[in-house]
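Inside the fold
Letter by letter, the chains look like this.
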Amino acid sequence: MLAGFQIGAVDIRPGLLLAPMAGVTDSSFRQLVRECNPGTLGLVVSEFISIEGLTRADLRSHAMLRHVATERPLSIQIFGGDIDRMAEAAALVQAVGADVVDINCGCPVPKVVRRGGGAELMRTPQHLERLLRAVRRELSVPLTLKIRTGWDDESVNCVEIAEMAEAVGVAMITVHGRTRMQAYHGQADWERVGQVKRAVSIPVVGSGDVLSIEGAEARLATSGADGIAIGRGALGDPWIFSRLARAWGIGQSFDTSLDRVPLDRLALLERYRDLLAEMHPERTVAARLRMFSTSLFRGFPGAALLRQQLGATRGSEELLVLLRATSNAAVRVPEAA
Ligand SMILES: Cc1cc2nc3c(=O)[nH]c(=O)nc-3n(C[C@H](O)[C@H](O)[C@H](O)COP(=O)(O)O)c2cc1C
């Protein structure tokens, strides 16, 4: 189950992926999750990066390209609607060392969609086809696509889009099993992931609502997907990839010393703070630590109070002091490493 697959020269082994999350999966978070899951995470995907920003030399967009060797294999995701800019941005992403270039066809946000990007690309399949051909010409690394099931329930077209993408040389498709109009509501429909899987012969990765081993097994049984991309599940449980790999006897042994695996939530948050501080100002470090701490402790006794207290902290150091004082923070996660 999910032993892995190859796209071009890139070995994705096992078939477990960290899903792209804007404002979350920057280099620091990707490194953190890699450290939590040595040998059990097949691919990490960046947050989406604007092709407008990249091709107009916007410093913030370029800063988002930052990565380190230990994250690899690494996919960098770009978004936008313009064909020439998409091709130029893809070449740039390849030049900075991405192992895979992924195009976002799923973002539901009006600001993105209005400019022809994200899920809007699924409503304009002929334009998307021209765009993919133009990008493919620029790349020697694999080109992949992340789609939703369609725009709304009346226009579900994930199978048609996937067939077209395969025909133009896309190497892998990730399907988030919701329509654009669903945004993040309701349940992801893994039956539709399965329809895509049966329609194409390139690897198909499913995305949506995987939070546990049982949940993953049920969705795999429904879809027959080659891989699973996990987003929010990794915010609550960053060791989830190791848990799945261990349950299914998949993954590879790396030389990575297990000494580096942060084994409790406090150690994890301290490591995350250090990684964040290497690339962000204190304000961002504190905001991201606050968000991640809240996800990590959701469902714990006293979580609501802790959340309030976290909200009142004035900086990352004060936040860690509060967490150190909270006994829950030291709960080990013994089966994770
Ligand atoms: C905070 C957040 C940011 C996201 N940003 C992106 C993104 O930049 N690109 C993308 O393709 N999907 C993005 N997604 C969608 C996820 O990759 C994923 O498909 C979706 O959340 C369903 O999977 P999950 O239930 O495992 O989170 C984002 C989701 C969340 C929650």
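Residues numbered from 1 in each chain as written. Predicted model: local features only at pLDDT ≥ 70, side-chain atom pairs only at ≥ 80, totals over all residues. Heavy atoms only, no water.

Here we look at the site of the ligand
Lining the immediate environment of the ligand, one finds 16 residues, of which P20, A22, Q77, S207 and D209 sit closest. One nitrogen or oxygen atom from the side chain of N104 is found 3.2 Å from a nitrogen atom belonging to the ligand. In this structure, Y184 approaches the ligand through a side-chain N or O atom, which is 3.3 Å from a nitrogen atom. In the complex, the protein chains occlude 87% of the 610 Å² of accessible area that the ligand would expose alone. Class assignment for the residues of the shell around the ligand results in seven nonpolar, six polar and three charged. (Near = heavy atom within 4 Å. Polar contact = N/O pair within 3.5 Å; in protein donor to acceptor, adjacent residues only side chain to side chain. Areas by Shrake-Rupley, 256 points an atom, 1.4 Å probe, with all protein chains shown as cover. Nonpolar A, V, L, I, M, F, W, Y, C, P; charged D, E, K, R; others polar.)

With respect to the packing of aromatic side chains
This structure, assessed with the given rule, holds five aromatic pairs. Residues F29 and F292 carry aromatic rings whose centres are separated by 5.4 Å and whose planes lie at 85° to one another, so their mutual orientation is edge-to-face. Of this pair, F29 sits in helix 1 (residues 27-36) while F292 sits in helix 14 (residues 282-297), placing them 263 residues apart in sequence. Note on accessibility: F29 and F292 belong to one class, buried. Between F297 and F300, the aromatic rings sit 5.4 Å apart at their centres with planes inclined by 85°, giving edge-to-face as the arrangement. Of the aromatic side chains, those joined through ring pairs into one cluster are F29, Y272 and F292. Above the ring of W151, the side-chain terminus of R123 is found at 3.6 Å from the ring centroid. When the ring centre of Y184 is taken as reference, the NZ or CZ atom of R148 above it lies at 5.2 Å. (Phe/Tyr/Trp six-rings, centres within 6.5 Å; stacked < 30°, edge-to-face > 60°. Helix = DSSP H or I, 4+ residues; strand = E, 2+ residues; numbered from the N terminus. Buried < 20%, exposed > 50% of the residue type's maximum accessible area, 1.4 Å probe, protein only. Lys NZ or Arg CZ within 6 Å of the ring centre and 35° of its normal.)

A look at the domain arrangement of the protein chain
Accessible area lost when the parts come together is the quantity often used to give the size of an interface. As far as domains go, the protein chain holds domain 1 (5-248) and domain 2 (263-330). Put simply, the middle of domain 1 and the middle of domain 2, counted by C-alpha atoms, are 28 Å apart. Contact between domain 1 and domain 2 buries roughly 1,400 Å² in total, counting both sides, with carbon and sulfur atoms accounting for 63%. Seen at the junction of domain 1 and domain 2, the total is two salt bridges. Between R271 and E35 there is a salt bridge, and its shortest N-O distance comes to 2.7 Å. Run the count over domain 1 and domain 2 and you get five residue pairs in polar contact (both at pLDDT 80 or more). Those elements giving two or more residues to the side of domain 1 that touches domain 2 turn out to be helix 1 and helix 11 (232-236). Ranked by residue count, the leading element in the side of domain 1 that touches domain 2 is helix 1, at seven residues. (Domains from an automatic or database assignment. Buried area = accessible area lost by both parts, 1.4 Å probe. Salt bridge = Lys/Arg side-chain N within 4 Å of Asp/Glu carboxyl O.)

Looking at the pairing of strand 11 (residues 227-230)
Regular strands place side chains that alternate from one sheet face to the opposite one. Because side chains alternate across strand 11, one face comprises the buried residues G227 and A229, and the other comprises I228 and I230, equally buried. Note that strand 3 (residues 16-18) and strand 11 share three bridges and pair parallel. Across the sheet, residue L16 finds its bridge partner in strand 11, namely I228. Where strand 10 (residues 204-207) lies against strand 11, three bridges are found, and the strand directions are parallel. Across the sheet, residue G206 finds its bridge partner in strand 11, namely I228. Note that the unit made of strand 10, helix 10 (residues 213-223) and strand 11 has a crossover that is right-handed. (Pairing = 2+ DSSP bridges. Right-handed = clockwise from strand over helix to strand, strands pointing away.)

Considering the environment of A287
With respect to the helices and strands, A287 occurs in helix 14. On the basis of relative accessibility, which here comes to 39%, the residue A287 falls in the partly exposed class. Between the alpha carbons of A287 and L65 there is a distance of 21 Å; along the sequence they are 222 residues apart.

A closer look at the nonpolar core
Ranked by size, the top nonpolar core spans 91 residues in total, and within it I78, I103, L132, L145 and I228 carry the most contacts. Domain assignment of the residues forming this core places at least three in each of domain 1 (5-248) and domain 2 (263-330). Excluding residues within four positions of it along the chain, I228 makes contact with L2, G15, L16, L17, W190, V205, G206, V210, A216, L220 and W248. Residues I7, I12, L43 and V205 belong to the second largest nonpolar core, which totals 13 residues. (Core = buried A, V, L, I, M, F, W, Y, C linked by side-chain atoms within 4.5 Å. Contact = heavy atoms within 4.5 Å.)

Concerning empty space enclosed by the protein
Applying the stated criterion to the full structure yields one cavity of 30 Å³ or more. Lining of the largest cavity is provided by 13 residues; of these, L17, P20, V45, M172 and T174 occupy positions nearest its centre. Looking at the lining of the largest cavity, the elements with two or more residues in it are strand 3, strand 4 (43-45), strand 8 (143-150) and strand 9 (172-179). Each residue belonging to the lining of the largest cavity can be placed in one class, and the counts come to eight nonpolar, three polar and two charged. (1 Å grid on protein atoms, 1.4 Å probe; cavity = no way out; pocket = protein on both sides within 12 Å on 5 of 7 lines; lining within 4 Å. Points joined across faces, edges and corners; volume = space filled by probe spheres on them.)

Some remarks on helix 7 (residues 125-138)
The end-to-end C-alpha distance of helix 7 is 20 Å, a good match for the 20 Å that 14 residues give at a rise of 1.5 Å each. Listed in full, the buried residues belonging to helix 7 are L128, L131, L132, A134 and V135. Looking down the long axis of helix 7, one finds its buried residues gathered within 165° of arc, a one-sided arrangement. Exposed positions of helix 7 whose direction lies more than 90 degrees from the buried face are Q126, R130 and R137. Contacts from the buried residues of helix 7 go to helix 4 (83-95), strand 7 (100-105), helix 6 (120-123), strand 8 and helix 8 (158-167). (Expected span 1.5 Å × (residues − 1). Arc of directions from axis to C-beta.)

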